[in-house]
There are 2 protein chains.
Amino acid sequence: MSGGAPASGLCLTTAPLTASSFAAFGDVIETEGRAHYPINAGTAQRYNDLARVEVTASGGRPLISILLAEPVAPPLRLRLMERHPLSSQAFIPLSSTPFLIVVAPPGVLDVERIRAFRSNGSQGINYRTGTWHHPLLALERRSGFLIVDRGGEGGNCDEISVEDRNIVVTL
Amino acid sequence: MSGGAPASGLCLTTAPLTASSFAAFGDVIETEGRAHYPINAGTAQRYNDLARVEVTASGGRPLISILLAEPVAPPLRLRLMERHPLSSQAFIPLSSTPFLIVVAPPGVLDVERIRAFRSNGSQGINYRTGTWHHPLLALERRSGFLIVDRGGEGGNCDEISVEDRNIVVTL
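What you are looking at is a predicted structure, and each value in this text was computed from that prediction instead of being measured.

Asks: Before we move on, could you go through the environment of Arg-141 of chain A and cite the residues and values that matter?
Replies: Residues and elements named next belong to chain A. Within the secondary structure, Arg-141 sits in the loop between strand E15 (137-139) and strand E16 (143-151). For Arg-141, a relative accessible area of 33% puts it in the partly exposed group. On a C-alpha basis, the gap between Arg-141 and Gly-130 in space is 29 Å, while along the polypeptide they are 11 residues apart. With near-sequence residues (within four places) excluded, Arg-141 lies in contact with Ala-69, Pro-71, Ser-95, Ser-96 and Thr-97. One polar contact links the side chain of Arg-141 to the main-chain carbonyl oxygen of Ser-95, over a distance of 2.9 Å. Only 3.2 Å separates the side chain of Arg-141 from the side chain of Glu-140, close enough to count as a polar contact.

Below, the structure written as structure tokens:
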């Protein structure tokens, strides 16, 4: 066979995002089912320390940023996977926007181990240092996400194109 | 005069939250009017590094937490002011909930210098290290706020009651 579209590929279905199913890739930032304690004379509940924030390698410092993302409409073909070798990276939706999370374990990228998850919109995520992930995939509408990641010197983004692997994500 | 209510007090009106009016107390975390640059092949805009996150003093580390807060209904009397001598502290609304911010400059608390601001719901804030602030005052509904502050050893919360100063905040 020569030229033309690849004869085969991968079709990934998204799974609901849960702390246990996502544990190999990072943290789910949510209140549902989590421990909490009252503060401010009982007028508020604090759900403490929901993510392992790793940002200080090689003189790094924590950054708070906002991403305004255009939505995508599945099914969609994955373009690339990226990882941050020096830091974790958290995304938290600012207007309850559901989004897709596509990840693979740290180390040499193995496309067979790519997994896709679906946030219900009240769940954020924190990629562990080195976890491969597709750029953010917002659903339904243009919307904001808070980012907590690393500022500082040093190359902190590796990218690998997966365009020719014909990996399609469906809801 | 002895006993009874104080003869006088302070009545504070809230001002709209802007980066310049809040600069003495910390950062406004927002996209409106801020620089940004495209990422993810132009499908998203990043508003980078919107707050000065100070969390590593005395071996501290960044925490990501969520606060679920009951709303208040102004006018309201201030209970206390608190400050974190070892860290900044950011609050970002997760469902576009407007909230009030009551602050005073670092140093010896001067109630005459207390100021009140009103977030439009798409604005978060980051208290600079040592900035005095009232506990979070959500408006309208029970809602979530993302917190970015410090975990670690060391006393990082000073509180001063202002209940007897008769300071009332109105919208």
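Asks: Please provide a residue-by-residue account of the relation of the copies chain A and chain B, values included.
Replies: Turning chain A through 180 degrees and shifting it by 0.0 Å along the axis lays it on chain B, with an RMSD of 0.0 Å. Both copies of the chain, as the preceding transformation shows, are related through a two-fold rotation axis. A symmetric contact is evident, with 100% of the interface residues of chain A recurring at the interface of chain B.

Asks: Please set out the interface of chain A and chain B residue by residue, giving values where relevant.
Replies: Listed as interface residues are 42 residues of chain A and, on the opposing side, 42 residues of chain B. When the buried area of chain A at its contact with chain B is split by residue, Arg-46, Ile-64 and Ile-66 of chain A rank highest and sum to 21% of it. Where chain A packs against chain B, one counts 4 salt bridges. In this structure, the salt-bridge partner of Asp-149 of chain A is Arg-46 of chain B, at a minimum N-O distance of 2.9 Å.

Calculation rules
- Residues numbered from 1 in each chain as written.
- Chains lettered and ligands numbered in written order.
- Predicted model: local features only at pLDDT ≥ 70, side-chain atom pairs only at ≥ 80, totals over all residues.
- Heavy atoms only, no water.
- Helix = DSSP H or I, 4+ residues; strand = E, 2+ residues; numbered from the N terminus.
- Buried < 20%, exposed > 50% of the residue type's maximum accessible area, 1.4 Å probe, protein only.
- Contact = heavy atoms within 4.5 Å.
- Polar contact = N/O pair within 3.5 Å; in protein donor to acceptor, adjacent residues only side chain to side chain.
- Least-squares fit on C-alpha atoms with pLDDT ≥ 70 in both.
- Buried area = accessible area lost by both parts, 1.4 Å probe.
- Salt bridge = Lys/Arg side-chain N within 4 Å of Asp/Glu carboxyl O.

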